[in-house]
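Each chain is listed here by its residues.
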Amino acid sequence: MTVAGIGSRKGVSVEDVLAAIETALETHGLTMTALSALATAEFKKDEEAIAAAGRVLSLPVIVVDDATLQAASSDTLSHSDLSQDVAGTPSVSEASALAVVGKGARLLGPRTVLGPVTCAIAISGDAP
């Protein structure tokens, strides 16, 4: 399983989200077809651009509840003071991707920041 975790400022465009996903995947030598799902934090569940990106890519957008997000936070690689203050996690994109992949998840690297959107790629132990 390969999941793109998404964090963003409020009111981003779907183009911003898609560009961040593509940039993060390219950083790790992957294409959009590698993705199994998108993930984000509960407080971003109404961010239309993230939902729209899921529709464009024909991927589910999995919203991670606060407790599960917190549980995955200790394995993040990046730290944003803003993310910590607002979401209670050092990286929304990294923690949400890790949470959705679940046990044995690992990040391919720190989140990619592209303008107002962050994207982190997490994989399961059996992913290529």
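Use the structure listed above.
Keep in mind that this is a model prediction, so the values were computed, not measured. (Residues numbered from 1 in each chain as written. Predicted model: local features only at pLDDT ≥ 70, side-chain atom pairs only at ≥ 80, totals over all residues. Heavy atoms only, no water.)

Q: In this structure, what is going on with the side chain of Thr76? I would like to understand it.
A: Mapping Thr76 onto the fold places it in the loop between α3 (66-72) and α4 (81-87). Here Thr76 falls in the buried class, since its relative accessible area comes to 15%. Within the local environment of Thr76, its side chain forms a polar contact with the backbone oxygen of Ser73, the two atoms lying 3.0 Å apart. (Helix = DSSP H or I, 4+ residues; strand = E, 2+ residues; numbered from the N terminus. Buried < 20%, exposed > 50% of the residue type's maximum accessible area, 1.4 Å probe, protein only. Polar contact = N/O pair within 3.5 Å; in protein donor to acceptor, adjacent residues only side chain to side chain.)

Q: What am I meant to see in helix α1 (residues 14-27) here?
A: For α1, which comprises 14 residues, the first-to-last C-alpha distance of 20 Å matches the rise-based estimate of 20 Å (1.5 Å per residue) to within 8%. Within the sequence span of α1, burial applies to Val14, Val17, Leu18, Ala20, Ile21, Ala24 and Leu25. Seen along its axis, α1 keeps its buried residues to an arc of 160 degrees; they face one direction. Turned more than 90 degrees from where α1 packs its buried face, Glu15, Glu26 and Thr27 sit exposed. The elements touched by buried residues of α1 are β1 (2-8), β2 (37-41), α2 (48-57), β5 (112-114) and β6 (117-123). (Expected span 1.5 Å × (residues − 1). Arc of directions from axis to C-beta. Contact = heavy atoms within 4.5 Å.)

Q: Would you mind showing me how to read unusual backbone geometry here?
A: If a residue is not glycine, its phi is most likely negative; likewise, a peptide bond is most likely trans. The phi dihedral of Ser58 is positive, around 55 degrees, even though this residue is not glycine. Position of Ser58 relative to the elements: it lies in the loop between α2 and β3 (61-64).

Q: Can you help me understand a nonpolar patch on the surface in this one?
A: A surface patch of nonpolar side chains, about 320 Å² in accessible area, is lined by Phe43, Leu82 and Val86. Its location among the elements puts Leu82 in helix α4. For Leu82, a relative accessible area of 61% corresponds to the exposed category. (Patch = residues over 30% accessible without salt bridge, like charges linked within 9 Å, V, L, I, M, F, W, Y side chains within 5 Å. Areas by Shrake-Rupley, 256 points an atom, 1.4 Å probe, with all protein chains shown as cover. Salt bridge = Lys/Arg side-chain N within 4 Å of Asp/Glu carboxyl O.)

Q: In this structure, what is going on with the side chain of Ser93? I would like to understand it.
A: Positionally, Ser93 belongs in helix α5 (residues 92-101). Not counting residues up to four positions away in its chain, the partners in contact with Ser93 are Gly5, Ile6, Gly7, Arg111, Thr118, Cys119 and Ala120.

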